[in-house]
Amino acid sequence: MEAEYTLYEQQLARQLKRWEIRQQKTPNVVERASKSLQTGINNLIPDKVHKTITATVKGIIQTTLFGINYIPAQEPLYDVSLADRDAKAEELLSLYKKIAAAEGAGTGAGGILLGLADFPILLGIKLKFLFELAHVYGYSTKDYRERLFILYVFQLAFSSPKKKTELLKTIKSWHVISDSFPPAAAYLDQVDWQQLQQEYRDTIDFRKMLQLVPGIGAVVGAWANFGLLEELGVAGMNCFRLRRLQDKVNIKSKEQ
């Protein structure tokens, strides 16, 4: 397969294999202890609160994924090398990390109320970034299936290793399974929204809780948001890279 790739693509394919392995590694002692603590805290939170948070996350993501406001004005990039796409993606990520850091610093300096407001704002920034990233790699978000792909990428970035394994399988098989997807609304009914919001919240909890501490909120807010966008950027770029490499193989196979 690598024989069909340029030298850059061959090197990238090997990097992606190492990245996939890291995504599926068994959690270490500290990570397991942290997850156990978070699970215990979740069990203490009333079911009504969980349902409220779940409804909020579901509402924000559905509105974003299936509204028109987040679809980039510029058309997807076509006939561009993967190396050039990566360079543009790095520029985009750098911009969004700065935007997220500035937003985190502003809300972090505003105390608890603004700190809590940061949650939906940051979620919107992350999803907007993924929409623009899709266009950098040549996939139009006017197609609802591409917006569903964004949802998988988002989950992969902020899920447990066990969940990441399942998500990676779907992402790597996207060219096969996306054609069989039901209408968008019917598919979203099958999403486990509570699991999605809990995994996402568990991933960002510690950093975002520190943001609410008086006196250090602004610094922590900037640091937390910058890091969270970095994690999302790495996951997003690698998922789209996997698709571009697979697309090249598929096109070559059809030509033969």
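What counts as what
- Residues numbered from 1 in each chain as written.
- Predicted model: local features only at pLDDT ≥ 70, side-chain atom pairs only at ≥ 80, totals over all residues.
- Heavy atoms only, no water.
- Helix = DSSP H or I, 4+ residues; strand = E, 2+ residues; numbered from the N terminus.
- Buried < 20%, exposed > 50% of the residue type's maximum accessible area, 1.4 Å probe, protein only.
- Contact = heavy atoms within 4.5 Å.
- Areas by Shrake-Rupley, 256 points an atom, 1.4 Å probe, with all protein chains shown as cover.
- Axes fitted to C-alpha atoms, helices over the stretch in contact; angles between N-to-C directions.
- Core = buried A, V, L, I, M, F, W, Y, C linked by side-chain atoms within 4.5 Å.
- Expected span 1.5 Å × (residues − 1).
- Arc of directions from axis to C-beta.
- Parallel < 35°, antiparallel > 145°, perpendicular 65-115°, else oblique.
- Left-handed = near helix turned anticlockwise from the far one by under 90°.
- Phe/Tyr/Trp six-rings, centres within 6.5 Å; stacked < 30°, edge-to-face > 60°.
- Salt bridge = Lys/Arg side-chain N within 4 Å of Asp/Glu carboxyl O.

Draft legend 1. Region of interest: the overall build of the chain. Helices and strands together make up the secondary structure of the chain, namely 11 helices and zero strands. Traced from its N-terminal end to its C-terminal end, the chain shows the element sequence α-α-α-α-α-α-α-α-α-α-α. Looking at the 256 residues of the chain, the share that counts as buried comes to 46%. Restricting to contacts in the chain with at least 6 residues of sequence separation, those with at least 24 account for 79%. For the chain, the computed accessible surface area is about 13100 Å², with 60% contributed by carbon and sulfur atoms.

Draft legend 2. Examining the packing of helix H1 (residues 7–23) against helix H7 (residues 161–172) more closely. For the pair H1 and H7, the least separation of the axes is 9 Å and the interaxial angle reads 145 degrees. Two secondary-structure elements touch here, H1 through Trp19, Glu20 and Gln23 and H7 through Pro161, Lys164, Leu168 and Lys172.

Draft legend 3. Just the nonpolar core, in detail. The biggest cluster of nonpolar side chains holds 55 residues, and the ones touching the most others in it are Ile61, Phe129, Leu130, Leu133 and Tyr137. Put simply, the parts of the chain that give this core at least two residues each are H1, helix H3 (47–66), helix H4 (82–108), helix H5 (111–136), helix H6 (144–157), H7 and helix H11 (217–255). Setting aside its immediate chain neighbours within four residues, Tyr137 contacts Leu82, Arg85, Asp86, Ala89, Met237, Phe240, Arg241 and Arg244.

Draft legend 4. Representation of H1 in the model. The end-to-end C-alpha separation of H1 is 25 Å, in line with the 24 Å expected for 17 residues at 1.5 Å each. Within H1, burial applies to Glu9, Leu12, Ala13, Leu16, Trp19, Glu20 and Gln23. All buried residues of H1 fall inside an arc of 125 degrees around its axis, so they share one side. Every exposed residue of H1 that faces more than 90 degrees away from the buried side is listed here: Leu7, Lys17 and Ile21.

Draft legend 5. Main features of unusual backbone geometry. In the Ramachandran plot, Asp79 falls in the positive-phi region, its phi being about 55 degrees despite a non-glycine side chain. In this structure, Asp79 sits in the loop between H3 and H4. You can call Asp79 exposed: its relative accessible area is 82%.

Draft legend 6. Broad picture of H7. Here H7 is 12 residues long and its end C-alpha atoms lie 16 Å apart, about the 16 Å a rise of 1.5 Å per residue gives. What H7 keeps buried is the set Lys163, Lys164, Leu167, Leu168, Thr170 and Ile171. The arc that holds the buried residues of H7, viewed along the axis, is 160 degrees, so those residues lie on one side. For H7, the exposed residues set more than 90 degrees away from the buried face come down to Lys162 and Lys169.

Draft legend 7. Broad picture of the packing of H6 against H7. Interhelical geometry of H6 versus H7 gives an angle of 150 degrees and a closest axis separation of 9 Å. By the criterion of interaxial angle, the relationship of H6 to H7 is roughly antiparallel. Along this stretch, H6 crosses H7, giving a crossing that reads as left-handed. Of the residues in H7, those in contact with Phe149, Tyr152, Val153, Gln155, Leu156 and Ala157 of H6 are Lys163, Lys164, Leu167, Leu168, Thr170 and Ile171.

Draft legend 8. Here's a closer look at the packing of aromatic side chains. For the structure shown, the criterion picks out eight aromatic pairs. Between Tyr139 and Phe240, the aromatic rings sit 5.9 Å apart at their centres with planes inclined by 25 degrees, giving stacked as the arrangement. Here the residue Tyr139 occupies a position in the loop between H5 and H6, and Phe240 occupies one in helix H11, the gap between them amounting to 101 residues. Like Tyr139, the residue Phe240 is buried in the burial classification. Seen in terms of ring centroids, Phe149 and Trp174 are 5.1 Å apart; in terms of plane orientation they differ by 65 degrees. Their pairing is edge-to-face. Residue Phe149 is located in helix H6, and its partner Trp174 is located in helix H8 (residues 174–177); the two are separated by 25 residues in the primary sequence. With respect to burial, Phe149 and Trp174 carry one shared label: buried.

Draft legend 9. Region of the structure containing the pattern of salt bridges. If you walk through the whole model with that rule in mind, you get eight salt bridges. Here Lys142 ties to Glu75 by a salt bridge, and the two come within 3.5 Å at their closest N and O atoms. Within this pair, whereas Lys142 is found in the loop between H5 and H6, its partner Glu75 is found in the loop between H3 and H4, the two being separated by 67 residues in sequence. Arg145 is the salt-bridge partner of Asp143, the closest N and O atoms lying 3.0 Å from each other.

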